[in-house]
Amino acid sequence: DAYRELARAAGITSANGALATPGELAALVAARLASAGVPATLLAAGIADPDLSALAADAATQWTGQHNPRRIDAAGFEELYRAACGG
């Protein structure tokens, strides 16, 4: 629902003119990031696997981590970072 609302607010539509689905929105964002030369994964950005635990522990102490719609701790951040590494 949040992604649908984001697509609606941005006026993003699919090829047939309907409101973009979450998948279409994600593909559009990925394409725009790629065209800007932004790495698609943390590994491509030079973040090594051994750094993930420390980054996750640090993220869990940041004030922004305390204001997520979903509660997240260091283990959750590490899971997220591992997914962002591409696998």
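Computed from a prediction, not measured in an experiment: that's the story for all the values here.

Colleague: I'm lost on the overall build of the protein in this one. Help?
Modeller: Summing up its helical and strand segments, the protein has four helices and zero strands in all. For the protein, the succession of helices and strands along the chain, N to C, is α-α-α-α. Expected size for 87 residues packed as a compact globule is a radius of gyration near 12 Å; at 16 Å, the protein overshoots this value by more than 25%. Taken across its 87 residues, the protein has 18% of its residues classed as buried. Relative to all contacts within the protein whose residues are 6 or more apart in sequence, the contacts with residues 24 or more apart total 32%. Computed over 6 positive and 9 negative side-chain charges, the separation of the two mean positions in the protein equals 9 Å.

Colleague: Please explain the packing of aromatic side chains as it appears in this structure.
Modeller: Two aromatic rings are characterised by how far apart their centres lie and by the angle between their planes. Evaluation of the coordinates by the stated rule reveals one aromatic pair. When the centroid spacing of 6.1 Å and the interplanar angle of 40 degrees are considered together, the rings of F77 and Y81 count as tilted. Of this pair, F77 and Y81 are both found in helix 4 (residues 74–84), four residues apart, which corresponds to roughly one turn of the helix.

Colleague: Can you walk me through the environment of L43 in this structure?
Modeller: Mapped onto the elements of the fold, L43 is located in the loop between helix 2 (22–35) and helix 3 (52–61). Residue class for L43 comes out partly exposed when judged on its relative accessible area of 48%. Between the C-alpha atom of L43 and that of C85, which follows or precedes it by 42 residues, the distance is 5.2 Å. Sequence-distant contacts of L43, that is, excluding residues within four places in its chain, are made with D49 and C85.

Colleague: Where do I start with the pattern of salt bridges in this structure?
Modeller: When their charged atoms lie close together, side chains carrying opposite charge are able to pair. Taken as a whole and assessed by the stated rule, the structure comprises two salt bridges. The partner of D49 in a salt bridge is R82, and the shortest N-O contact between them spans 2.3 Å. With a gap of 33 residues between them, D49 in the loop between helix 2 and helix 3 and R82 in helix 4 connect regions that are remote in the sequence. Residues participating in the shared-partner salt-bridge network are D49, E78 and R82.

Colleague: It is not clear to me how the environment of S53 should be interpreted in this structure. Could you clarify?
Modeller: Summarising the element assignment, S53 is placed in helix 3. Sequence-wise, S53 and E79 are 26 residues apart; in three dimensions their C-alpha atoms are separated by 9.5 Å. A polar contact is formed between the side chain of S53 and the side chain of E78, at a distance of 3.0 Å.

Colleague: It is not clear to me how the packing of helix 3 against helix 4 should be interpreted in this structure. Could you clarify?
Modeller: What describes two packed helices is the angle between their axes and the distance between those same axes. Remark: helix 3 packs on helix 4, axes separated minimally by 8 Å, with the N-to-C direction vectors making an angle of 130 degrees. Between helix 3 and helix 4, the interaxial angle falls into the category oblique. Judged by the sense of rotation from one axis to the other, the crossing of helix 3 with helix 4 is right-handed. Packed against helix 3, whose contacting residues are L52, S53, L55, A56, A57, A59 and A60, the element helix 4 presents A74, F77, E78, Y81 and R82 at the interface. The residue inventory of the contact of helix 3 with helix 4, partitioned by class, reads nine nonpolar, one polar and two charged.

So, how was this worked out
Every chain begins its residue count from 1, and numbering advances along the sequence as written. Given that the model is predicted, a residue must reach a pLDDT of at least 70 before its local features are reported, and side-chain atom pairs must reach 80 or more before they are shown or counted; all residues, however, enter totals for whole chains, interfaces and linings. Water and hydrogen atoms play no part in the side-chain values, which are based on all heavy atoms of the structure. Strands here are runs of E lasting at least two residues and helices are runs of H or I lasting at least four, both read from the DSSP assignment and numbered beginning at the N terminus. This radius of gyration counts C-alpha atoms alone. The globule rule is 2.2 Å times how many residues there are, raised to the power 0.38. Relative accessibility decides the category of a residue: with a 1.4 Å probe and only protein chains considered, values under 20% of the type maximum give buried, values over 50% give exposed, and everything between is partly exposed. In this description, contact between two residues means that some pair of their heavy atoms is separated by no more than 4.5 Å. Only four residue types enter the tally: Lys and Arg on the positive side, Asp and Glu on the negative side; His and the chain ends are excluded. Every charge is mapped onto a representative atom, which is NZ of Lys, CZ of Arg, CG of Asp or CD of Glu. Aromatic pairs are defined between Phe, Tyr and Trp rings, using the six-membered ring for Trp, whenever the two ring centres lie within 6.5 Å; interplanar angles under 30 degrees are classed as stacked, those over 60 as edge-to-face, and all others as tilted. Salt bridge, as applied in this entry: a Lys or Arg side-chain nitrogen positioned within 4 Å of an Asp or Glu carboxyl oxygen. Side-chain atoms alone can form a polar contact between residues adjacent in sequence; in general such a contact is a pair of N or O atoms within 3.5 Å, and within protein one must be able to donate a hydrogen while the other accepts it. Only the stretch in contact is used when fitting a helix axis, every axis being a line fitted to C-alpha atoms; angles between N-to-C directions are given from 0 to 180 degrees. For classification purposes, angles smaller than 35 degrees are called roughly parallel, those larger than 145 roughly antiparallel, those between 65 and 115 roughly perpendicular, and all remaining angles oblique. For any pair of crossing helices, the crossing counts as left-handed if the nearer helix is rotated counterclockwise from the farther one by less than a right angle, and right-handed if it is rotated clockwise. Here the term charged refers only to Asp, Glu, Lys and Arg, the term nonpolar to Ala, Val, Leu, Ile, Met, Phe, Trp, Tyr, Cys and Pro, and the term polar to all other amino acids, Gly among them.

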